[in-house]
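# Structural overview
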Amino acid sequence: MKVTMLKGKIHRATVEQAELDYVGSITVDMDLLEAAGIYEYEKVQIVDVNNGNRFETYTIAGERGTGMICLNGAAARCVSTGDKIILMAYCELNENEVKDHRPKVVFVDDNNKVERVTSYEKHGRYQI
């Protein structure tokens, strides 16, 4: 049996741009993608903290060091510039891999620069 688990997360990044006239996706500073262990063209879930929208798209690598977070195409209608978003990627693990799995969680500052990279600790009592 496979279980879907959080693989990588960029927490509370600020939307810098929203470009409706584009093919689609989310452009993310390559430094942020690498810190979270998320690949270019990987499927991701986006949660807009400001308006509650949740949607899926895929990533495009943006220029390093720019802090770029840009929603493109139809996804641009789900956010506003300045909104805080949470970007998450998931992985499929077998039951034996789950117990040792630790997602990468990237916390960013107001300019989308990496402040801290961590892993969530297991909080529950349920252990596989």
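Residues numbered from 1 in each chain as written. Predicted model: local features only at pLDDT ≥ 70, side-chain atom pairs only at ≥ 80, totals over all residues. Heavy atoms only, no water.

## Quick word on the UniProt feature "modified residue: Pyruvic acid (Ser)" (unreviewed entry) in the protein
Put simply, the rule reads: UniProt positions are given in the numbering used here, feature names are shortened, and annotations may be inferred rather than shown by experiment. Only DSSP runs of H or I with at least four residues qualify as helices, and only runs of E with at least two residues qualify as strands; both kinds are numbered from the N terminus onward. Here's how the labels work: a residue is buried when its accessible area is under 20% of the maximum for its type, exposed when over 50%, partly exposed in between, all with a 1.4 Å probe on protein chains only. Contacts were defined at the residue level, with two residues in contact if any of their heavy atoms lie within 4.5 Å.
The positions UniProt marks with the feature "modified residue: Pyruvic acid (Ser)" (unreviewed entry) are Ser 25. The residue Ser 25 is located in strand E3 (residues 25–29) in this model. By relative accessible area, Ser 25 is classed as buried at 2%. Once residues lying within four places of it in the same chain are set aside, the contact partners of Ser 25 are Thr 57, Tyr 58, Ile 60, Cys 70, Leu 71, Asn 72 and Ala 75.

## Points about the UniProt feature "binding site: substrate" (unreviewed entry) in the protein
In the numbering adopted here, UniProt assigns the feature "binding site: substrate" (unreviewed entry) to Thr 57, Gly 73, Ala 74 and Ala 75. These annotated residues cover 19 residues of sequence, and their C-alpha atoms all fall within 10.0 Å of one another, placing them together at a single site. The topology assignment puts Thr 57 in strand E5 (residues 54–62). Judged by relative accessible area, which is 12%, Thr 57 ranks as buried. Setting aside its immediate chain neighbours within four residues, Thr 57 contacts Ser 25, Ile 26, Glu 42, Lys 43, Val 44 and Ile 46.

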